[in-house]
Protein chains: 2
Amino acid sequence: MQNDRRVLDLNRRQGKSCRLFYSDDPVKIIRARGQYLFDEAGTQYLDCISNVQHVGHCHPHITEAAAAQMDLLNTNTRFLHDNIVMYAERLAATLPEKLCVFYFVNSGSEANDLALRLAQQYTQHEDVIVLDHAYHGHLKSLIDISPYKFRKLTGQKEWAPLPDTYRGLYGADLPDPGQAYADAVKDLIEQVQSKGRKIAAFFAESLPSVGGQVILPNGYSAKVAEYVHSAGGVFVADEVQSGFGRVGTHFWAFQLQGEHFCPDILTMGKPMGNGHPLACVVTTPEIASAFTANGVEYFNTFGGNPVSCAIGLAVLDVIEKEDLRGNAIKVGAVLKELFRGLHSKHEIVGDVRGVGLFVGLELVTDRKLKTPATNTAAYVVKRLKEDHIVVSTDGPWDNVLKFKPPMCFSVENAEQVAQSIDRILTGRKCDVWTSTTTGFNLVFNPPQTRYQDHEP
Amino acid sequence: MQNDRRVLDLNRRQGKSCRLFYSDDPVKIIRARGQYLFDEAGTQYLDCISNVQHVGHCHPHITEAAAAQMDLLNTNTRFLHDNIVMYAERLAATLPEKLCVFYFVNSGSEANDLALRLAQQYTQHEDVIVLDHAYHGHLKSLIDISPYKFRKLTGQKEWAPLPDTYRGLYGADLPDPGQAYADAVKDLIEQVQSKGRKIAAFFAESLPSVGGQVILPNGYSAKVAEYVHSAGGVFVADEVQSGFGRVGTHFWAFQLQGEHFCPDILTMGKPMGNGHPLACVVTTPEIASAFTANGVEYFNTFGGNPVSCAIGLAVLDVIEKEDLRGNAIKVGAVLKELFRGLHSKHEIVGDVRGVGLFVGLELVTDRKLKTPATNTAAYVVKRLKEDHIVVSTDGPWDNVLKFKPPMCFSVENAEQVAQSIDRILTGRKCDVWTSTTTGFNLVFNPPQTRYQDHEP
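Computed from a prediction, not measured in an experiment: that's the story for all the values here.

The rules we used
- Residues numbered from 1 in each chain as written.
- Chains lettered and ligands numbered in written order.
- Predicted model: local features only at pLDDT ≥ 70, side-chain atom pairs only at ≥ 80, totals over all residues.
- Heavy atoms only, no water.
- Contact = heavy atoms within 4.5 Å.
- Buried area = accessible area lost by both parts, 1.4 Å probe.
- Salt bridge = Lys/Arg side-chain N within 4 Å of Asp/Glu carboxyl O.
- Polar contact = N/O pair within 3.5 Å; in protein donor to acceptor, adjacent residues only side chain to side chain.
- Helix = DSSP H or I, 4+ residues; strand = E, 2+ residues; numbered from the N terminus.
- Nonpolar A, V, L, I, M, F, W, Y, C, P; charged D, E, K, R; others polar.
- Expected span 1.5 Å × (residues − 1).
- Buried < 20%, exposed > 50% of the residue type's maximum accessible area, 1.4 Å probe, protein only.
- Least-squares fit on C-alpha atoms with pLDDT ≥ 70 in both.
- Pairing = 2+ DSSP bridges.
- Axes fitted to C-alpha atoms, helices over the stretch in contact; angles between N-to-C directions.
- Arc of directions from axis to C-beta.

Opposite the 89 residues of chain B that make contact, chain A presents 89 residues. Surface buried jointly by chain B and chain A totals about 8600 Å² across both partners, of which 59% is contributed by carbon and sulfur atoms. Run the count over chain B and chain A and you get four salt bridges. The partner of Asp71(B) in a salt bridge is Arg33(A), with the nearest N and O atoms 2.9 Å apart. In this structure, the connection of chain B to chain A is made through 24 residue pairs in polar contact (both at pLDDT 80 or more). The set of elements that each furnish at least two residues to the side of chain B that touches chain A consists of helix H1 (4–13), strand E1 (29–33), helix H2 (60–72), helix H3 (82–92), strand E4 (101–105), helix H4 (108–123), helix H5 (140–143) and helix H9 (285–292) of chain B. Per-element tally for the side of chain B that touches chain A: the top contributor is H2(B), with seven residues. Counted by class, the side of chain B that touches chain A contains 43 nonpolar, 27 polar and 19 charged residues.

Below, the structure is given as structure tokens:
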């Protein structure tokens, strides 16, 4: 409306640092419900990416719980309150017994920063091993451990290879890629130690997300944990994106790695408050005790307040009552099956991967060379928008269409998305073939738009 | 109720790092409204310390605004939304024109961490000058610049003297203590530079809070800014505690330093969302541009979302509609006047200071030596609790009773507090005198409790 120009001005002025969705023609959403977004004209968009609005946009149970507690009391954790205890107990029930000390904070970044402090204080070591392309948050301490960010800065650092069995160092065709990638971490530890440095932590997302919706190979985490523990470090699982039942079969994505694996520190965030700033670090009593022993009090003004905890409890209620994990299993399976159909039909679909409602569709202009089809991916995103479907890309080459919708996403939604992508790729088949012949400058319809795909 | 033991257990297990109010006999508050807290038995407590619940606990206008927006939409800043523009415009109207680029985040700590990144990126310098006893947040980067915290850790650093004209290096009796304290910063800059290091920022609370409710002397900030600018650094004003009209006469505490002074970066937090996790960094277009120029996107998942902005707007509405700044001027004046009466009557009251509803009452066992009356302060806090008044202490020796109540605090509340303190100090006068004679081991009534005051 009248504010549109000012909204854009403001974004231009201050938000230069923050990329807008559809920056050429941004969408102004004014209302949302469940898995649907609505713009000013009342047009409905299907939301495939809002993993923060985990149980669905504007869920009435969450709003009611928040308003009721806001009307009653909102203080800090220097006062006793039942909500924080009930919430910690509910979360503890989803976790292995040894993870039983909770620190409530306001964002995944605050959680990861605290995880880093806990690891360094407990081990009395400094160095952190991270995965290539990882992103752990926007704070000063976390840019330092996020190759996704720091690779753009001056001064290169080291990182372990991303255990991506599609395009990574070791493919799914190897007998044990989990072991091979874990051994790469072991090699890195040895390199670091040979320089006299000491490992405080191995820090990784349980499902690397900006790395391109990557699923860790079997056995990887347990092996890495073994090597990291031998070096005197701890294993930090970043579940800021992947937790709260998104993978369906389990409540936490690290549990996909088997019952014999448990991280020493786990961080959670985005889906935890369904949009409310709420995050958490959970660790073992031993690590927590070492942290306390330095005599520096940890206090977080808003963290763990009664309103945040009421909202967190309401989110857990909805996950259970609406069986959203069951839905993630069912709909995720349908989505992957439909995407496998696209893989059979469209040469440009290089890989389909995912668990539950965490799914990636990787586009390549050449299946053998795995040339990232970055521009086709951008084109599909743009065309999906015209079909009123909101999707975005991820991965180092932005060629992975990512799907992490609100957990109420339906079978019909999955079918709509797959059909729409099928139509778009069918219409563009001619251009797609062009891309492998012309190299990397190709013109799509509409002809005024020029796209450039990456070289291998 | 049944959860009490578990609440305490939880606090004992995990919260060892977080000190409870009244840790010997914690209060379980279950309801609050305005400036009043209510425990399980329905007992009403007068709240003198909840500066976060700025416009009053559970203000219905804030709850309504939050619930309405939660029911409508809560996305992130990758989508356009009017609320963030309206909110930035409303905040801009309270600030000098040059402070016009806003970054919305979730906590004062996130704000200060970003301020540090902005300052270091803009200046391409590393070093930060802070005030002694300062506290700027719980993040890894901020512990590093918080003497209040890092003094307890191994490895000492340097800091500028706290410009406390009561017990600091330069007293209010000097002709120009502001100049004297600023010159101490200048000396520190020269020391740092002589070691080949370069100043990125001078970082200070506009009203040092954990330092003991300190009011900066006239002329201090403008002089410091001049020195810091000469060294190529920027001035960061931390208004996480002091902003949003608490000082009454101005919207921001830095404005107490005169119209010719303006910080380069300002951070805000605690009172901003009346308890909702909401904070912000505001800076100049020049500094923001330098930050963007490094090519690293800044994105904050929850920061600036429509719900947070709706709440922020509602807080501004209430401050204006209920003339809370006017109230802070009026009630703050009464409170200070009554406390000056206590100063005349009770030898143990060493200093009364404050602006608006940011007031400190410093207790000393000896006015000449300014011996901190730490135990008497703790005793007064404990006795005030029995009178159902919630107050806590601050300052390096925890001997300053601090008052930063919700801004709806009334003249009657001020009178009640002053009368209660008067009664407590009168009853303890004999003991107070004892303290100067026995040194620092004295026994109060109840006789089973032993207090220890600090030596000078």
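Tracing the sequence through the fold places Phe79(A) in the loop between helix H2 (60–72) and helix H3 (82–92). Separated by 226 residues in sequence, Phe79(A) and Asn305(A) have C-alpha atoms that sit 9.4 Å apart.

Turning our eyes to something else, we now look at helix H7 (residues 177–194) of chain A. Residues and elements named next belong to chain A. Along its 18 residues, H7 runs 26 Å from first to last C-alpha, staying within 8% of the 26 Å computed at 1.5 Å per residue. Listed as buried for H7 are Pro 177, Gly 178, Ala 180, Tyr 181, Ala 182, Ala 184, Val 185, Leu 188, Ile 189 and Val 192. Contact partners of the buried residues in H7: strand E5 (127–130), strand E6 (199–205) and helix H8 (220–230).

The transformation that overlays chain B on chain A combines an axial shift of 0.0 Å with a rotation of 180°, and the residual RMSD is 0.0 Å. Taken together, the turn and the small shift mark the pair as related by a two-fold rotation axis. For chain B, the residue whose C-alpha comes nearest the rotation axis is Ala67(B), separated from it by 2.9 Å. Most of the interface of chain B is mirrored in chain A, where 100% of its interface residues are also at the interface.

With that settled, the discussion passes to the sheet that holds strand E9 (residues 279–283) of chain A. Residue and element names in this part refer to chain A. Sheet architecture is open: six strands sit in the order E4-E9-E8-E7-E6-E5, paired in mixed fashion. Single-partner strands in this sheet number two, and they are strand E4 (101–105) and E5. Here the average twist between neighbouring strands, direction ignored, is 20°. Summarising the sheet, E5 and E6 pair through four bridges and their orientation is parallel. By the bridge assignment for E6, Val 128 is matched with Ala 201. Against the sheet, helix H4 (residues 108–123) touches E4, E5, E6, strand E7 (234–239), strand E8 (265–268) and E9, its axis set at about 20° to E9. Taken strand by strand, helix H9 (residues 285–292) contacts E4, E7, E8 and E9, and its axis lies near 60° from that of E4.

The strand order across the open sheet formed by four strands is E1-E2-E3-E13 (chain B), and the pairing between neighbours is mixed. A single partner strand is all that each edge strand has here, and the edge strands are E1 and strand E13 (389–390) of chain B.

Residues and elements named next belong to chain A. Note: strand E1 (residues 29–33) against strand E2 (residues 36–39), four bridges, orientation antiparallel. Directly across from Ala 32, in E2, lies its bridge partner Leu 37. As defined by bridge partners, E2 adjoins strand E3 (residues 44–47) across three bridges and the pair is classed as antiparallel. If you follow Leu 37 over to E3, its bridge partner there is Tyr 45. Connecting E2 to the antiparallel partner E3 that follows it, the hairpin turn spans four residues, and Gly 42 within it adopts a positive phi of roughly 85°.

Looking now at helix H11 (residues 324–345) of chain A. Residue and element names in this part refer to chain A. The end-to-end C-alpha distance of H11 is 31 Å, a good match for the 32 Å that 22 residues give at a rise of 1.5 Å each. Among all positions of H11, only Leu 324, Asn 327, Ala 328, Val 331, Gly 332, Leu 335, Lys 336, Phe 339 and Leu 342 are buried. Seen from one end, H11 has its buried residues packed into an arc of 145°, which puts them on one side. Contacts made by the buried residues of H11 are with helix H10 (306–321), strand E10 (349–355), strand E11 (358–366), strand E15 (400–403) and helix H13 (411–427).

The analysis is restricted to geometry; functional conclusions fall outside its scope.
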